[in-house]
Amino acid sequence: MHGSRITAVGHYQPAKVLTNEDLANLVDTSDEWIRSRVGIRTRRIAGPDEPVDELAAHAAAKALAAAGLAPADVDLVLVATSTAVDRSPNTAARVAARLGMPSPAVLDLNVVCAGFTHALASADHAVRAGAARRALVIGADKMSEVTDWTDRTTCVLVGDGAGAAVVEGCAPDGEPGIGPVLWGSVPEMGNAVRIEGTPPRFAQEGQSVYRWATTRLPAIARQACERAGTDPSDLAAVVLHQANLRIIEPLAQRIGAVNAVVARDVVESGNTSAASIPLALSKLVERGEIGSGDPVLLFGFGGNLSYAGQVVRCP
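One numbering rule holds for all chains: residues counted from 1, following each sequence as written. Only residues with pLDDT of at least 70 are given local features in this predicted model, and only at 80 or more are side-chain atom pairs given and counted; all residues enter the totals for whole chains, interfaces and linings. Think of the side-chain values as coming from all heavy atoms in the structure, minus any hydrogens and water.

Participant: What am I meant to see in the overall build of the protein chain here?
Facilitator: Helix numbers and strand numbers start at the N terminus; a helix is a DSSP run of H or I with at least 4 residues, a strand a run of E with at least 2. A count of helical and extended segments in the protein chain gives 11 helices and 14 strands. Radius of gyration: C-alpha atoms only; globule rule: 2.2 Å multiplied by the number of residues to the exponent 0.38. Taken against the 2.2 N^0.38 rule, which gives 20 Å for 315 residues, the C-alpha radius of gyration of the protein chain at 18 Å falls within 12% of a compact globule. Summarising its shape, the C-alpha atoms of the protein chain cover approximately 60 × 40 × 40 Å along the three principal directions. The cut-offs for exposure are 20% and 50% of the maximum accessible area for each residue type, with area from a 1.4 Å probe on protein chains only; residues under the lower value are buried, those over the upper are exposed, and the others partly exposed. Across the 315 residues of the protein chain, 57% fall into the buried class. In what follows, residue pairs with any heavy atoms lying within 4.5 Å of each other are defined as contacts. Put simply, of all contacts in the protein chain between residues at least 6 apart along the chain, 76% involve residues at least 24 apart. Accessible areas in this description were obtained via Shrake-Rupley with a 1.4 Å probe; residue shielding takes into account the shown protein chains only. Of the roughly 12,400 Å² of accessible surface on the protein chain, 47% is carried by carbon and sulfur atoms. For the charge count, each Lys or Arg is scored as positive and each Asp or Glu as negative, with His and the chain ends excluded. Charge placement uses NZ in Lys and CZ in Arg. For Asp and Glu, CG and CD serve respectively. The positive charge centre, built from 28 side chains, and the negative charge centre, built from 34, are 3 Å apart in the protein chain.

Listed below in structure tokens is the structure:
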């Protein structure tokens, strides 16, 4: 294969909406405090009977329907998640079983908030190498399950959800729709974002992450554009990990994406970790804010202080 492209996207969020006012009844916080610091107004919270693989399967089914494909047409399922409860069967295998897929390869990737862009790159590589024809790439997390709801520094941030993309090969004479990935990490800062302990709990050093994201990431994201041969001013949209509006807006500006739509789904969805980029991208496509073939920068960052980004063509 000459390359690969995203042919369809889909997303899913639980029905329950948790507002800032609701949180003010749980911890010492307020709507003004939350909005001024992270920009979040609402988030969706999954119930105890909604495991992360169910969220992922709903998003995947929507992406398949949008692509006009049956589950049997997919031979690789990649799920980016850091909140799966069980080690085996993995989340990808459970998604495949829910969708009735006959015999796909099933892999989970845990790169936390940069998981989806890592998984998308892995799917692109697999298709290019001839190891897969079509892949389902899913970002899904149930952050509410790893959150201390008495800690106002973290519980105001999180939400649950899933987003998915169908990745297919391009014909030899077709233009690839997924650009080269730029990925890496800062291991010495790996503890700045954590999900650890028994039971596992989400914690972070917010100021350290904020300083790193706003000072170091712009140059790295511009390198992802360079690898794709795309000037940042030509981007139609920028979809960054939806961590904090105070990170997203200045980061998009410093990248130089002056003409781009900037995804701000964090305002209504909170931080959904690996789900945040495909969730936000799917909503932009659904609302018609970006058109087919438009260049879009996807850039994830977070746990491990990992990062990964690539320029893709909108399906």
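Here the narrative resumes.
Participant: Teacher, can you tell me more about the pattern of salt bridges here?
Facilitator: Close approach of charged atoms allows side chains with opposite charge to pair. When a carboxyl oxygen of Asp or Glu lies within 4 Å of a side-chain nitrogen of Lys or Arg, that pair is called a salt bridge. Tallied over the entire structure, the rule returns 15 salt bridges. Here Arg 128 ties to Asp 124 by a salt bridge, and the two come within 3.1 Å at their closest N and O atoms. Pair noted here: Arg 128 and Asp 124 are both in helix α5 (residues 115-128), with a separation of 4 residues, about one helical turn. The exposure class of Arg 128 is partly exposed, given its relative accessible area of 35%. On the basis of relative accessible area, Asp 124 is assigned to the buried category, the value being 3%. Of the charged contacts, one joins Arg 313 and Glu 175 as a salt bridge, the two residues approaching to 3.9 Å between their closest N and O atoms.

Participant: Whenever I open this one, the sheet that holds strand β12 (residues 261-262) confuses me. Can you help?
Facilitator: Pairing is mixed across the open sheet formed by 5 strands, whose spatial order is β8-β14-β13-β11-β12. On the outer flanks of this sheet lie β8 (182-185) and β12, each paired with one strand and no other. Whether two strands pair depends on DSSP finding at least two bridges between them. Of the strand pairs in this sheet, β8 and strand β14 (residues 306-313) are connected by 4 bridges, and their pairing is antiparallel. Directly across from Ser 185, in β14, lies its bridge partner Ser 306. Of the strands in this sheet, β11 (237-240), β12 and β13 (295-302) touch helix α11 (residues 276-286), which is tilted by about 150° from β11. Helix axes use the C-alpha atoms of the stretch in contact, all axes being lines fitted to C-alpha atoms, and the angles between their N-to-C directions lie in the range 0 to 180 degrees.

Participant: Please explain the environment of Val 127 as it appears in this structure.
Facilitator: With respect to the element layout, Val 127 can be found in helix α5. Note: C-alpha distance between Val 127 and Gly 3 (124 residues apart in sequence) is 7.2 Å.

Participant: I would appreciate a short explanation of the pairing of strand β5 (residues 105-109) in the present structure.
Facilitator: For a regular strand, side chains alternate in direction, first toward one face of the sheet and then toward the other. Across 5 bridges, strand β4 (residues 76-80) lies against β5 in parallel orientation. Each bridged residue has a counterpart across the sheet, and for Leu 78 the counterpart in β5 is Leu 107. Between the parallel pair β4 and β5, the chain is carried across by helix α4 (residues 91-99), and the sense of this crossover is right-handed. By definition, the crossover connecting two strands over a helix is right-handed if that path, from the first strand to the second, turns clockwise as seen with the strands pointing away from the viewer.

Participant: How should I be thinking about the sheet that holds strand β7 (residues 160-169) in this particular structure?
Facilitator: Strands in a sheet are paired, the pairing made by backbone hydrogen bonds, and the direction either parallel or antiparallel. Strand order in the open sheet formed by 5 strands is β1-β7-β6-β4-β5, with mixed pairing between adjacent strands. With one partner strand each, in any of the chains shown, β1 (4-12) and β5 form the two edges of the open sheet. Adjacent strand axes in the sheet meet at a mean angle of 20° when their direction is disregarded. Contacts between α5 and the sheet are confined to β1, β4, β5, β6 (134-142) and β7, with β4 contributing the most and set at about 160° to the helix.

Participant: Explain the environment of Arg 35 to me, please; I cannot follow it from the model alone.
Facilitator: Take Arg 35: it is sitting in helix α2 (residues 31-37). A relative accessible area of 40% means that Arg 35 is categorised as partly exposed. In this structure the C-alpha to C-alpha distance between Arg 35 and Leu 245, which are 210 residues apart in sequence, comes to 9.0 Å. With residues up to four places along the chain from it excluded, the contact list for Arg 35 reads Asn 20, Ile 40 and Arg 41.

Participant: Would you mind showing me how to read the side chain of Thr 147 here?
Facilitator: Mapped onto the elements, Thr 147 comes out in the loop between β6 and α6 (152-155). Of the polar contacts made by the side chain of Thr 147, one reaches the backbone oxygen of Met 143; its length is 2.7 Å. In contact with Thr 147, other than residues within four places in its own chain, are Cys 155, Val 158 and Arg 201. Polar contact criterion, stated in full: a pair of N or O atoms within 3.5 Å, where within protein one must be able to donate a hydrogen and the other to accept it, and residues adjacent in sequence count only if both atoms are side-chain atoms.

Participant: Help me out: how do you make sense of α11 in this one?
Facilitator: Along an α-helix, residues three or four apart share an orientation, since each turn contains 3.6 residues. With 9 of 11 residues buried, α11 lies mostly within the body of the structure. Every buried residue of α11 is accounted for by Ser 276, Ile 277, Pro 278, Leu 279, Ala 280, Leu 281, Ser 282, Lys 283 and Leu 284. In the segment just after α11, Gly 288 is the residue with positive phi, at about 75°.

Participant: Honestly, the pairing of strand β10 (residues 201-204) in this entry has me stumped. Any pointers?
Facilitator: As judged from the 4 bridges shared by strand β9 (residues 193-196) and β10, these two strands associate in the antiparallel manner. Bridged to Arg 194 within β10 is Ala 203.

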